[in-house]
Amino acid sequence: IAAASEVPLPPRSLTVVSSAKILPIAYTGVSAALLTKAIRKPCTKAEMAVLLATSGLSLINLGPSDNANLASAKRACKNTAPSSSGKAKQERQTALTWRKVV
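Remember, predicted model here, so these are calculated numbers, not experimental data.

Asker: Help me understand the overall build of the protein, please; the structure alone is not making it clear to me.
Answerer: Scanning the protein from terminus to terminus reveals 3 helices and 0 strands. Along the chain direction, N to C, the helices and strands of the protein fall in the order α-α-α. Within the protein, the proportion of its 102 residues that are buried is 16%. Nonlocal contacts in the protein, meaning residues at least 24 apart in sequence, comprise 58% of its contacts between residues at least 6 apart. On the protein, roughly 8,300 Å² of surface is accessible, and the fraction owed to carbon and sulfur atoms is 63%.

Here it is as structure tokens:
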């Protein structure tokens, strides 16, 4: 039996793109998981209250607010040009810091 020669595949590069579009989906998933855990798992009333409150918060508040923060950070980076000194450099650095934090 002849052995087939293996052709090496070129390495794949992964491009990471920050997108706020995934946030509502992620928060809805987390909310559903917490809600399911609160309903199905035997736990105390206090634990159930915490799970339900966290589930509601992640569904109602965190998705839209984080989406707005990320959009704000993207606008700040887009509106500030690279600079080497002075107030323009400070504004650019502030915009980049805000983007990294969000």
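On we go.
Asker: Just to check I follow, could you spell out a nonpolar patch on the surface for this structure?
Answerer: A surface patch of nonpolar side chains, about 350 Å² in accessible area, is lined by Leu35, Ile39, Met48 and Leu52. Elements that contribute at least two residues to the nonpolar patch include exactly α1 (22-40) and α2 (45-79). Relative to the helices and strands, methionine 48 resides in helix α2.

Asker: How should α1 be read in this particular structure?
Answerer: The periodicity of an α-helix, 3.6 residues per turn, causes residues three or four positions apart to be oriented the same way. The end-to-end C-alpha distance of α1 is 27 Å, a good match for the 27 Å that 19 residues give at a rise of 1.5 Å each. Here α1 has its buried residues at Leu23, Tyr27, Ser31, Leu34 and Ala38. What you see down the axis of α1 is that its buried residues fit within an arc of 65 degrees, all on one side. With respect to the buried face of α1, the exposed residues turned more than 90 degrees away are Ile25, Ile39 and Arg40.

Asker: How should I be thinking about the side chain of arginine 92 in this particular structure?
Answerer: Among the secondary structure elements, arginine 92 is positioned in helix α3 (residues 86-101). It is glutamate 91 that comes nearest to the buried, bridge-free arginine 92 among opposite-charge side chains, at 9.9 Å. With residues up to four places along the chain from it excluded, the contact list for arginine 92 reads Cys77, Thr80, Ala81 and Pro82.

Asker: Teacher, can you tell me more about the side chain of threonine 80 here?
Answerer: With respect to the helices and strands, the residue threonine 80 is situated in the loop between α2 and α3. Engagement of the side chain of threonine 80 in a polar contact is seen with the backbone oxygen of alanine 76, the distance being 3.0 Å.

Asker: How should I be thinking about the environment of tryptophan 98 in this particular structure?
Answerer: Residue placement: tryptophan 98 occurs in helix α3. You can call tryptophan 98 partly exposed: its relative accessible area is 32%. For the pair tryptophan 98 and lysine 74, spaced 24 residues apart in sequence, the C-alpha separation works out to 9.0 Å. In contact with tryptophan 98, not counting residues within four places along its chain, are Asn69, Ser72 and Ala73.

Asker: Teacher, can you tell me more about the environment of asparagine 79 here?
Answerer: Mapped onto the elements, asparagine 79 comes out in helix α2. Along the backbone, asparagine 79 and arginine 92 are 13 residues apart, and their C-alpha atoms lie at a distance of 8.9 Å.

What counts and how
- Residues numbered from 1 in each chain as written.
- Predicted model: local features only at pLDDT ≥ 70, side-chain atom pairs only at ≥ 80, totals over all residues.
- Heavy atoms only, no water.
- Helix = DSSP H or I, 4+ residues; strand = E, 2+ residues; numbered from the N terminus.
- Buried < 20%, exposed > 50% of the residue type's maximum accessible area, 1.4 Å probe, protein only.
- Contact = heavy atoms within 4.5 Å.
- Areas by Shrake-Rupley, 256 points an atom, 1.4 Å probe, with all protein chains shown as cover.
- Patch = residues over 30% accessible without salt bridge, like charges linked within 9 Å, V, L, I, M, F, W, Y side chains within 5 Å.
- Salt bridge = Lys/Arg side-chain N within 4 Å of Asp/Glu carboxyl O.
- Expected span 1.5 Å × (residues − 1).
- Arc of directions from axis to C-beta.
- Lys, Arg positive; Asp, Glu negative; His and termini not counted.
- Polar contact = N/O pair within 3.5 Å; in protein donor to acceptor, adjacent residues only side chain to side chain.

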